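Observations on chain architecture
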Amino acid sequence: MNFYVAVAIVSTVAFTIDLLLRVTEKIRSFGMEERIHNIKGRIIPIEDFIPHNLTLVSVFFMSLGTAGILLKLIPLNGLVCFPVCVMCGMFANFAVVRILRKIRAKPLPKDADLSGTEAVCTQTIQGDGYGEVMFSFEGSSYTFPALSENETDIIKGETAVIILINEGVCIVEKQSEMLDILNEKE
């Protein structure tokens, strides 16, 4: 019981500090903007069950601690209690991620012309494969799967230019490649 109480208290304090920093100082996830992991699920997005930033880690442990306290009030074997608490934490993460996606989701206008828009590569785009880019349009951020126009690798963090969006996939080109073409013509 003491373990679950300590976990619940520490994670609640961490979650509260995280929210206060987000609201007052505009600091997100204690400076940790990148995901802890990147697991691709086909039918059910597995990565939504596993915490992928520090905020969701605190949500996971808050749920784990709270479920543990409630289950310990019922005389339940510890070997059953801990796995159930872990599952409660995973489902809490899934619920929070899904709710946040619904709240944040502002659809991209269908008639939006994004050609020439700068995007930042958030997941390395292999020359012959998919990656991911993030860009801003009318004050909102969007993340889309992306392909490289010239089939060159675009490394995570590099700036790319959107050429077009076709069926939810951005076709992008390295910004440095576009500048190289302009320099050659001169």
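See the structure printed just above.
Below you will find a few notes about this structure.

What counts, and where the lines are drawn
Residues numbered from 1 in each chain as written. Predicted model: local features only at pLDDT ≥ 70, side-chain atom pairs only at ≥ 80, totals over all residues. Heavy atoms only, no water. Core = buried A, V, L, I, M, F, W, Y, C linked by side-chain atoms within 4.5 Å. Buried < 20%, exposed > 50% of the residue type's maximum accessible area, 1.4 Å probe, protein only. Helix = DSSP H or I, 4+ residues; strand = E, 2+ residues; numbered from the N terminus. Contact = heavy atoms within 4.5 Å. Pairing = 2+ DSSP bridges. Axes fitted to C-alpha atoms, helices over the stretch in contact; angles between N-to-C directions. Expected span 1.5 Å × (residues − 1). Phe/Tyr/Trp six-rings, centres within 6.5 Å; stacked < 30°, edge-to-face > 60°.

1. Let's talk about the nonpolar core
If you look at the biggest cluster of nonpolar residues, it comprises 15 residues, and the most contacted ones within it are Ile125, Val133, Phe135, Ile162, Cys170 and Val172. Of all elements in the fold, only strand 1 (118–123), strand 2 (131–137), strand 3 (140–148), strand 4 (159–166) and strand 5 (169–174) reach the threshold of two or more residues within this core. Every residue in contact with Val133, bar those within four places of it in the chain, is listed here: Ala119, Val120, Cys121, Thr122, Ile125, Tyr142, Thr143, Phe144, Ala146, Cys170 and Val172. In this structure, Val7, Phe60, Leu71 and Cys85 belong to the second largest nonpolar core, which totals eight residues.

2. Focus on the sheet that holds strand 2
Strand order around the closed barrel formed by five strands is 1-2-3-5-4, with mixed pairing between neighbours. Across the sheet, the mean angle separating the axes of adjacent strands is 55° when strand polarity is ignored. In this sheet, strand 3 lies alongside strand 2 in antiparallel orientation, the contact comprising seven bridges. Across the sheet, the residue bridging to Glu132 is Pro145, located in strand 3.

3. Examining helix 1 (residues 2–24)
The terminal C-alpha atoms of helix 1, which comprises 23 residues, lie 33 Å apart, in line with the 33 Å expected from a rise of 1.5 Å per residue. For helix 1, the full list of buried residues reads Tyr4, Val7, Ala8, Ser11 and Asp18.

4. Structural notes on the packing of aromatic side chains
According to the stated counting rule, one finds three aromatic pairs in the structure shown. A ring pair is formed by Phe135 and Phe144, whose centres lie 5.7 Å apart and whose planes are at 20°; its orientation type is stacked. Just as Phe135 is buried, Phe144 falls in that class too.

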